[in-house]
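Below, each chain spelled out in residue letters.
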Amino acid sequence: MLELTTTRANPMVDPSLQVWGWEIPVYLFLGGLVAGMMILSGYLLFSGRHQAHGSSTAFVPALSFVLLSLGMAALFLDLEHRAFVWRLYTTFEPASPMSWGSWILILVYPALAAALLVRPPAPLVRRSPRLATLSGRLLDRPGWPRAVGVASIVLGVLLGIYTGVLLSALGARPLWASGLLGPLFLVSGLSTAAALVHLLAGDPQERVLFARADNVFLGIELLLLGLFLVGLLSATEVHARAARLLLDGPFGALFWVGVVGLGILIPLGVQIAAVRHRVQHTPVAPLLVLGGGLLLRYVFVAAGQLSHWSPP
Amino acid sequence: MAILSRRRFLQVGSVAGAGAALAAARGPAWDRFLGPAAAGDRIETVPTYCDLCFWKCGAIATKKNGRLWKLEGNPEDPLSRGRLCPRGTGGVGAHFDPDRLTAPLVRGKRRGEEAWVEVTWDEALERVAQGLAAIAAEHGPEAVAFFSHGIGGNFLKHTFRAFGTPNFVAPSYAQCRGPRDIGFQLTFGEEVGTPERTDIANARCLVLIGSHLGENMHNSQVQEFAEAIGAGASLIVVDPRHSVAASKAKHYLPIKPGTDIALLLAWMNVLVAEELYDRELVASHGFGFDAFRAEVAPWTPEWAYPITTIDPATIRETAREMARHRPATLVHPGRHVTWYGDDAQRSRAVALLDALLGSWGRRGGFYYPSSVPVPKYGGYPDYPRAARGPVDNPGGRYPFADLGLTNGIREATLTGEPYPIKSWFVYATNLLQAMPNQEETIRAIQRLDLLVVVDTHPSEIAGWADVVLPECSYLERYDDLNTEPFREPFVSLRQPVVEPPTDQKPNWWIARELAVKLGLERYYPWREVEEYLEARLAGAGLSLAEMKRRGVFRGAPAPLYFDDGVPMEFPTPTGKIEFWSPQLAAAGFDPVPRFRPHEEPPPGYFRLLSGRAPVHTFARTQTNPILAEAMPENEVWVNADVARRLGLTAGARVRLRNQDGVVSAPVPVKATERIRTDCVYMVHGFGHTAPGLRRALGKGASDAQLMTRYAVDPLMGATGTNVNFVTFEEA
Amino acid sequence: MARFGMVIDTLRCVGCMDCVVACKTENEVPEGFCRDWITTEVRGKFPTLTTEIRSERCNHCDRPPCVTCCPTGASHVEDFGRLVLVDRELCIGCKACLASCPYDARFIHPEGYADKCTFCVHRVREGKDPACVAVCPTRCMHFGDLDDPRSEVAKLLASRRHHALLPEAGTRPRIHFLT
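Residues numbered from 1 in each chain as written. Chains lettered and ligands numbered in written order. Predicted model: local features only at pLDDT ≥ 70, side-chain atom pairs only at ≥ 80, totals over all residues. Heavy atoms only, no water.

K.L.:
For the state of the cysteines, give the residues involved together with the corresponding values.
P.N.:
In total, this model carries zero disulfides over all chains according to the counting rule given. Unpaired in terms of disulfides, C85 of chain B finds its nearest cysteine sulfur in C53 of chain B, a separation of 6.0 Å. Judged by relative accessible area, C85 of chain B falls into the buried class, the value being 9%. Of all cysteine sulfurs, the one in C136 of chain C lies closest to C140 of chain C, which takes part in no disulfide; the gap is 3.7 Å. (Disulfide = S-S within 2.5 Å. Buried < 20%, exposed > 50% of the residue type's maximum accessible area, 1.4 Å probe, protein only.)

As structure tokens, this is what we get:
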């Protein structure tokens, strides 16, 4: 029997680490979502489909702009020494994923702006007709949309992976100690992005396209989640204990019912059926995917903080 | 709380002494990650001595820009050796404590209802003087009893001696160390004293019986304790609780509470039976050894086993271990020894064990302390002779009591016998937490015409007072010189470090002003305490100016042991170590201690034990912001199996109900392997009820409140309090 | 260049918290926070118990994850003694360093920046021991250059049994506990 007592009682640290509340999961979710949308819209630009499926490429960059800014606002709210936030941009720390992230975010905005210019949304054009002229000029040169598409994809991948690597670089929390966290969050970002576009797309054909894509992403996400858990369970006792926070620990119900069941399996099933025209197309599936994506971030951030190296 | 206020996040400038090489280090401004001292800060140091407990360690206070910053040990001081204990270090909080008394208070309503009127010092002292004069006129000055704790009471004691009462008491005697000193006096003719003359540092084998050094934080003792451990001394710890000391022991004896005398007798039985004792010493300086031998002969380890639950092999092994290292085997006499009412006899058993091991006056046992001879102040007139003797021990009911008994005063106050007590004047002791049976104390208070309390804090006893006089903290006042005998003789000075925050006054000023108002001005030929101190120091060839600078003066070391030339003399009536005590026999007590069983807890009840925590002193430090943070409340220790059986969850709050139906405040459960199943344990000093002690109010439970029962030591009148039993109730 | 570390004798330590109190006053640590603390580990069944009492704080790791993860360079390894320190003027309060520390040694100062033990660098630069070491009544704590074989800390490590906390977390802590 072990009796462990400590006199330490620091706020946010004791009895267990709770430095991050809702803000960071929201930021990671929105960051991942925007990353996914950048990749998707980048692909559309790159492949030239932005012409055919104009509806979504038209609103995705603007929406990304808004969502990313909301995410950044959440991140800012989480900071404790806000007046010093500019210090992120007086240095580049190559070992720090957060430093990478802050610089990636700086680059994401111009890329979004560029994508916005390729197909400026109608309300903006009404306000500033010159945008249409500018956009027209860009569209005249096929290299431009392609270049913007490539930039969107590259930055989207970086941004998506960063949201996971940010956590996995904090080795003191064994739940996060996995290289799969980056790809997992990237794919989850893609899946939520596909779900959101699916939800908002006006064009039925496009909806099917994104539902299909989403099914692929959800499948990969499930696979990565499985691999992630296998990795932890087959590592040290500390990591296995961390994994069990999700499997049968305090986050078990949220993880199995929320993240896996409602967030992945059910929408996957519904969407497969819908794609095969077995059931009616329904916005419930993408809504579940979006909720699942947010819950995934929350569960990982919360459970990760609970996981630790100290003896049980 | 100001001292811990947020620092400026950016302090411009660099720290004094920053080297050029360091300037090249990363980060342009050191202050961005440095500690709090910046260049341009005005740093001053003032030596003084600590008052967080009675040990009185030499300290150096550091002020930054005139504000108290920190307290460190004075390296010149033999008590602290440059290192204070956590309470001393946290003494900073005594100055900044927002719960301090700020102005003299006079009761507004009935006693016990805390409605106060702030008055001037002149009004307050006038009221006290008139009250005392009226009592003296009607009942004689003896009707005033003076309670105090610590050196701060010296000047007030002087005033009351001049006033003419013989009734001076302190809970440190009958509620703490008294029985120990009587037990040792009866054996060796000398007491253990304060600071204890235990040569722990040089002990090769240290035996602790209920003493929890390390939790009990008397500085020099703990320093020496660590040294002994570092030097590989063999440690034997006897305690129903697995104390910190027990965790370091070679032998831990988880004794059944209340059976220590049986263990001590069995140990002596082994030493005598196996002829392991110091035969030379016994032959040359022992008295009544044959009778003693016959007395302990039946008390074998096998006899002690069912009583103590310590198996005979362990008793023998530990007895032999003690013998192996003698005379450097120290069976520690403890300090708070008022447990079962037979405490003087138990202490005598400890003394006898030490006598058998020959450790008295020997290296690693008990040394002979010495002090710098600083004469008393010479200019005082003689005190008046009290018309009647002390009231607390009528007819010598407790024949071996050599100091006043607080409980004796309380009883006399209640009964009016042998003569009435009409006023208590209480200095710096919270009698409601210090004495058992609070109800009795309150009933006694209700019979008083005048209760005056001098304290730094609005304690529980202050809540019952008619007049409350706010004293400066020790950091804001002079006190008498500390010349306590110790390993090395020394004198130390307490002097003001900072100004008192509001209208608090030092005890010497209160004592003098009161004397003036009582028409006793002739007893104060000095006006300022510096004159008094200067006069005393001059008598020892020292100067106040020098003492103010250094804080401590160390005298020439004197011999510590018989081997160094201390004469081997035992000032008992027989002039020898009294193994069989003619004094006790004559008074009708056991001449050699005997074990008598104590009442067992009834089913479902647990014996309530209490002790100390390293960061608190008595019930006096719980509002100190720094110390309160280190330990905000106490817990009740319950054996983990018992807790499981009773469905008590660790950390959940329970109330304790004692055998007389008294129910405690809610207190968190510490379910632990570190205690026996037949007792529970609490740190003393918590569970405050005085509304003015805002930080401490409602924190933990009070052991004193639950100690409604006490066993009076028939030898010397102390109150044993480990005779209370508690059970659990939902909070 | 020195590599400062601590060696703490758990056999002598009584867990009195003097180190904690001294740190609070010396460094004016705000109320409700601590830079060092006492951990007590008890194993076994009454009365056969083994206990280890430790005074703990930032380990000033040789591989400090708090420095690696810091996006602004506020958490850094100081040239002087290779101490791990926080520049509060660079810190944005992102708390990544709190999450990165397997010892949970850091906290957010009420003013918003990450704070922790500095090994009392302001004292050390004046040739003094850190406040916790200097105050310890049991003299169980030792501070010095781990790389200097003549230092007291190096000698103690060479001659006594010792362990560090969570070595498996891979941070190479520089506080060693003698047992």
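On we go.
K.L.:
Explain the interface of chain C and chain A to me, and be specific about the residues and the numbers.
P.N.:
The accessible area lost on association of the parts is a frequent measure of interface size. Of the residues lining the interface, 44 residues belong to chain C; the matching set on chain A comes to 37 residues. When chain C packs against chain A, the two sides together hide about 3,500 Å² of surface, and 60% of this comes from carbon and sulfur. Of all residues in chain C, I92, K95 and A99 of chain C give up the largest surface area on contact with chain A, accounting jointly for 18% of the area buried on that side. Where chain C packs against chain A, one counts five salt bridges. K95 of chain C is the salt-bridge partner of D78 of chain A, the closest N and O atoms lying 2.9 Å from each other. The tally of links between chain C and chain A comes to 22 residue pairs in polar contact (both at pLDDT 80 or more). Contributing elements (two or more residues each) for the side of chain C that touches chain A: β2 (36-45), α2 (65-69), α3 (96-100) and β6 (107-108) of chain C. Residue composition of the side of chain C that touches chain A, grouped by class: 25 nonpolar, ten polar and nine charged. When strand β1 (residues 2-6) of chain A meets β2 of chain C, the two strands line up antiparallel, connected through five bridges. (Contact = heavy atoms within 4.5 Å. Buried area = accessible area lost by both parts, 1.4 Å probe. Salt bridge = Lys/Arg side-chain N within 4 Å of Asp/Glu carboxyl O. Polar contact = N/O pair within 3.5 Å; in protein donor to acceptor, adjacent residues only side chain to side chain. Helix = DSSP H or I, 4+ residues; strand = E, 2+ residues; numbered from the N terminus. Nonpolar A, V, L, I, M, F, W, Y, C, P; charged D, E, K, R; others polar. Pairing = 2+ DSSP bridges.)

K.L.:
Got a sec to walk through the interface of chain C and chain B? Specific residues and values, please.
P.N.:
Each partner contributes residues to the interface: chain C has 58 residues there, and chain B has 64 residues. Between chain C and chain B, roughly 5,200 Å² of surface is buried when both sides are summed, and carbon and sulfur atoms account for 56% of that area. The interface formed by chain C and chain B holds seven salt bridges in total. The partner of R695 of chain B in a salt bridge is E31 of chain C, and the shortest N-O contact between them spans 2.7 Å. Viewed at the interface, chain B and chain C are joined by 20 residue pairs in polar contact (both at pLDDT 80 or more). Of all the secondary-structure elements, those providing two or more residues to the side of chain C that touches chain B are α1 (18-27), β2, β3 (48-57), β5 (84-86), α4 (121-124) and α5 (131-135) of chain C.

K.L.:
Go over the packing of helix α8 (residues 204-233) of chain A against helix α9 (residues 237-247) of chain A, please, and point to the residues and values.
P.N.:
Residues and elements named next belong to chain A. Two elements in contact, α8 and α9, have axes separated by 7 Å at closest approach and are oriented at 140 degrees. Classified by the interaxial angle, the pair formed by α8 and α9 is oblique. Residues F228, L229, L232 and L233 of α8 lie in contact with α9, whose contacting residues are H239, A240, A243, R244, L246 and L247. (Axes fitted to C-alpha atoms, helices over the stretch in contact; angles between N-to-C directions. Parallel < 35°, antiparallel > 145°, perpendicular 65-115°, else oblique.)

K.L.:
Describe the packing of aromatic side chains, and please don't skip the residues or the numbers.
P.N.:
All names here are of chain B. According to the stated counting rule, one finds 48 aromatic pairs over all chains in the structure shown. Ring centres of F54 and W55 lie 6.2 Å apart, and the angle between their planes is 55 degrees; this geometry places the pair in the tilted category. In terms of burial, F54 and W55 fall into one category: buried. Ring-pair connections join several aromatic residues into one group, and the members of that group are F155, Y377, Y380, W508, Y524, W526 and Y532. The ring of W116 carries the charged tip of R107 above its face, separated from the ring centre by 4.7 Å. Taking NZ or CZ as reference, K505 lies 4.8 Å from the ring centre of W509, over its face. (Phe/Tyr/Trp six-rings, centres within 6.5 Å; stacked < 30°, edge-to-face > 60°. Lys NZ or Arg CZ within 6 Å of the ring centre and 35° of its normal.)

K.L.:
Any chance you could break down the environment of E531 of chain B for me, citing the residues and the numbers?
P.N.:
Residues and elements named next belong to chain B. On the secondary structure map, E531 appears in helix α20 (residues 529-539). You can call E531 partly exposed: its relative accessible area is 38%. For E531 and A174, which are 357 residues apart along the polypeptide, the C-alpha to C-alpha distance reads 35 Å. In this view, E531 contacts Y377, P525 and W526; residues no more than four positions away in its chain are not counted.

K.L.:
Could you give an account of helix α4 (residues 121-139) of chain B, with specific residues and numbers?
P.N.:
All names here are of chain B. With 19 residues, α4 should reach 27 Å at 1.5 Å per residue; the first-to-last C-alpha distance of 26 Å fits that figure. Looking at α4, one finds that the buried residues are W121, A124, L125, V128, A129, G131, L132, I135 and H139. In an axial view of α4, the angular spread of the buried residues amounts to 160 degrees, which keeps them on one side of the axis. Seen from the open side of α4, the exposed residues pointing more than 90 degrees away from its buried face are A137 and E138. (Expected span 1.5 Å × (residues − 1). Arc of directions from axis to C-beta.)

K.L.:
Help me get a handle on the packing of α8 of chain A against helix α10 (residues 252-275) of chain A, residues and values and all.
P.N.:
Residue and element names in this part refer to chain A. Running from N to C, α8 and α10 point in directions that differ by 145 degrees, and their axes come no closer than 9 Å. The two elements α8 and α10 meet at a crossing, and its hand is left-handed. Residues A211, R212, D214, N215, L218, E221, L222, L225 and L229 of α8 form the contact with α10, whose own contacting residues are F255, V259, V260, G263, I264, L265, L268, Q271, I272 and V275. Broken down by class, the residue content of the contact of α8 with α10 amounts to 13 nonpolar, three polar and three charged. (Left-handed = near helix turned anticlockwise from the far one by under 90°.)

K.L.:
Talk me through helix α5 (residues 154-163) of chain B; I want residue IDs and the actual numbers.
P.N.:
All names here are of chain B. For α5, a buried count of seven out of ten residues is recorded, marking the element as mostly surrounded by other parts of the structure. Listing the buried residues of α5 in full gives F155, L156, H158, T159, F160, A162 and F163. G164 lies just past α5 and shows a positive phi near 110 degrees.

K.L.:
Describe in detail the pattern of salt bridges, supporting the description with residues and values.
P.N.:
Residue and element names in this part refer to chain B. Tallied over the entire structure, the rule returns 77 salt bridges over all chains. Residue D479 is joined to R477 by a salt bridge in which the shortest nitrogen-to-oxygen separation is 2.7 Å. A residue is classified by how much of its surface remains accessible, and D479, at 0% relative accessible area, is buried. Owing to a relative accessible area of 3%, R477 belongs among the buried residues under this scheme. Where R494 meets D479, a salt bridge forms, and the shortest distance between an N and an O atom there is 2.6 Å. Taken together, the residues span a long stretch of sequence, with R494 in the loop between β16 (490-492) and α19 (507-517) and D479 in the loop between β15 (467-470) and β16 at a distance of 15 residues. Each member of the pair R494 and D479 is classed as buried. Salt bridges linked by common partners bring D51, E471, R477, D479 and R494 together as one network.

K.L.:
Just give me the short version of the sheet that holds strand β1 (residues 43-49) of chain B, but keep the residues and values in it.
P.N.:
All names here are of chain B. Spatial strand order, β1-β2-β3: three strands in an open sheet with antiparallel pairing. Because the sheet does not close on itself, it has two edges, and the strands there are β1 and β3 (67-73). Averaged over all pairs of adjacent strands, the angle between their axes in this sheet comes to 25 degrees, without regard to strand direction.

K.L.:
Go over unusual backbone geometry, please, and point to the residues and values.
P.N.:
In the segment running from T194 of chain B into P195 of chain B, the intervening peptide bond is cis, with an omega of -10 degrees. Inspection of the secondary structure assignment puts P195 of chain B in the loop between α6 (171-188) and β8 (205-209). Along the chain, R326 of chain B connects to P327 of chain B via a cis peptide bond; the corresponding omega equals 10 degrees. Note that P327 of chain B resides in the loop between α13 (312-325) and β12 (329-331). Notably, R81 of chain B is not glycine yet its phi reads approximately 45 degrees, a positive angle. Tracing the sequence through the fold places R81 of chain B in the loop between β3 and α2 (86-89). Relative accessible area serves as the criterion here: at 31%, R81 of chain B is assigned to the partly exposed category. With a phi close to 50 degrees, R139 of chain C is a non-glycine residue in the positive phi region. Its location among the elements puts R139 of chain C in the loop between α5 and β8 (141-145).

Without other data, these values stay purely geometric and don't point to any function.
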